[in-house]
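# Coordinate inspection notes
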Amino acid sequence: MDDCIIIGGGPAGLTAAIYLSRYHLKIRLFDCGSSRAALIPCTHNHAGYPDGVSGLDLLAAMRAQAEKYGMVREAAKVTGLRAAERGFAVRIADREIRARSVLLATGVVNHRPPMPDDLHDAALAQGRIRYCPVCDGYEVTDRRVAVYGTGEHAAREALFIRSFTRDVTLIAPDRHDLPPDQSAQLAAAGVALIDGPVGGWAIEREQLALSAEGGHLAFDSLYPALGSHIRSELAVEAGARADERGCLEVDDHQRTSLPGLFAAGDVAKGLDQISHAMGEAGVAATTIRNMLNAEAPLWR
Ligand SMILES: Cc1cc2nc3c(=O)[nH]c(=O)nc-3n(C[C@H](O)[C@H](O)[C@H](O)COP(=O)(O)OP(=O)(O)OC[C@H]3O[C@@H](n4cnc5c(N)ncnc54)[C@H](O)[C@@H]3O)c2cc1C
């Protein structure tokens, strides 16, 4: 039986793998290859990289570091998780593997605007589409920026971006539906409002262009604010508690409400950032080590 199975090979899962393998524990990591970090053209807010680092390079370095200490990694999707005698049973296709503990680090998937995939991916690679103003608001300082969405979440995002640039437009997928107090805040901040639907998405002269009822528009960057899908189903089906959005509830040692099941990174409630995912994973891994040691001393 493994000491711990890690589900997810993004910054959270790989950090936990480095810690747990350096604690001499028998671990196995499953990853189906869709880390949000892999979409980052170049992060400039991750500490330690003054010239920035691409998400793919960061993940490759973390994988190499974990493998150096013996991480066993399989490129496979976990399809089932259940509590079992002395731990958990994890399902991968027609196999079931047992472990004394499980760390869920499956992240989230952003909802995308309605544009062709190849255009979306090209715009993302060029920074014309961005998903995280906490990460890269600095890069749009004094640029022409749109936020695509409406309601409380999108309005909050537009107001957040307003501290990087005065040129912010909030575009609704359909008609705007904004709480009155936020409408007033947006007006006071000079955020322009445009109703949808919009179409004609294109990259034109290093800008993202689109057409709305009032005419043709172009922006240096557009932030979709359409929410995300939280990949917590495995844990919820096994019995762990999540909030109304699907984020797993964890205590300050990253324990979920199901004993022996831990969660770290975007899938758990908190700031969706690489540094946060790594910090949570370090805490989770050390708590897992201490829990296993309390059950049976890990002496060599
Ligand atoms: C465009 C973009 C730019 C960003 N820029 C920055 C930035 O500059 N700085 C910053 O700090 N953050 C940035 N972020 C956020 C950052 O990418 C995330 O906070 C970080 O990747 C979270 O790490 P994680 O390990 O929790 O999840 P992820 O990186 O999403 O990894 C989750 C992993 O779990 C795997 N998985 C999911 N379900 C299963 C399953 N059932 N079985 C097996 N594997 C599974 C997935 O394949 C994936 O590899 C950005 C995000 C985006 C989208």
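For the structure itself, consult the block above.
This is a predicted model, so every value here is computed, not measured.

## Re the nonpolar core
Residues Ile 6, Leu 20, Ile 27 and Leu 103 are the most contacted members of the largest nonpolar core, which totals 29 residues. Looking at this core, the elements that each hand over two or more residues are strand E1 (2-7), helix H1 (11-22), strand E2 (27-31), helix H2 (55-68) and helix H8 (274-295). Per element, the largest residue contribution to this core is 7 residues, and it comes from H8. Among residues more than four places away in sequence, those in contact with Leu 103 are Cys 4, Ile 5, Ile 6, Ile 7, Ala 16, Phe 262, Ala 263, Ala 264, Ala 284 and Ile 288. Formed by 26 residues, the second largest nonpolar core is a distinct cluster that contains Phe 88, Val 90, Ile 230 and Val 267.

## Structural notes on the layout of surface pockets
There is about 710 Å³ of room inside the second largest pocket. Every residue lining the second largest pocket is counted, 25 residues in all, and those nearest its centre are Tyr 131, His 153, Glu 157, Arg 245 and Asp 272. Among the elements of the structure, strand E7 (108-110), helix H4 (133-136), helix H5 (151-161) and strand E15 (228-230) are those that each provide at least two residues to the lining of the second largest pocket. Per element, the largest residue contribution to the lining of the second largest pocket is 4 residues, and it comes from H5. Across the lining of the second largest pocket, the residue classes tally to 12 nonpolar, 7 polar and 6 charged. Taken domain by domain, the makeup of the lining of the second largest pocket includes at least three residues from each of domain 1 (2-109 + 228-295) and domain 2 (112-224).

## Section: the side chain of Asp 220
Within the element layout of this structure, Asp 220 appears in the loop between strand E13 (215-219) and strand E14 (221-224). Here the side chain of Asp 220 touches Gln 207 through a polar contact of 3.1 Å, side chain to side chain. Those residues in contact with Asp 220, other than ones at most four positions away along the chain, are Gly 127, Arg 128, Arg 143, Arg 144 and Gln 207.

Basis of the calculations
Sequence order as written defines residue numbering, which begins from 1 separately in each chain. Two thresholds apply to this predicted model, a pLDDT of at least 70 for residue-level local features and 80 or more for giving and counting side-chain atom pairs, whereas whole-chain, interface and lining totals are computed over all residues. Remark: hydrogens and water are excluded; side-chain values derive from all non-hydrogen atoms of the structure. Definition of nonpolar core: a set of buried residues of the types Ala, Val, Leu, Ile, Met, Phe, Trp, Tyr and Cys, connected through side-chain atoms within 4.5 Å. Any residue under 20% of the maximum accessible area for its type is buried, any over 50% is exposed, and the rest in between are partly exposed; the area is computed with a 1.4 Å probe on protein chains only. Helix and strand assignments come from DSSP, with helices taken as H or I runs of at least 4 residues and strands as E runs of at least 2, each series counted from the N terminus. By definition in these notes, contact holds between two residues if any of their heavy atoms fall within 4.5 Å. The method works on a 1 Å grid over the protein atoms by themselves. A cavity is a set of points holding a 1.4 Å probe that cannot get out, a pocket is an open set with protein on both sides within 12 Å along at least five of seven lines, and residues with an atom within 4 Å of a point line them. Grid points are joined across faces, edges and corners, and a volume is the space filled by probe spheres set on the points. Polar here means any residue outside two lists: the nonpolar Ala, Val, Leu, Ile, Met, Phe, Trp, Tyr, Cys and Pro, and the charged Asp, Glu, Lys and Arg; Gly therefore counts as polar. Here the bounds of each domain stem from an automatic or database domain assignment. Any N or O atom pair separated by 3.5 Å or less is treated as a polar contact, with the protein-specific requirement of one donor-capable and one acceptor-capable atom, and with residues adjacent in sequence counted only for side-chain atom pairs.

Everything listed here is a matter of geometry and, on its own, says nothing about what the molecule does.
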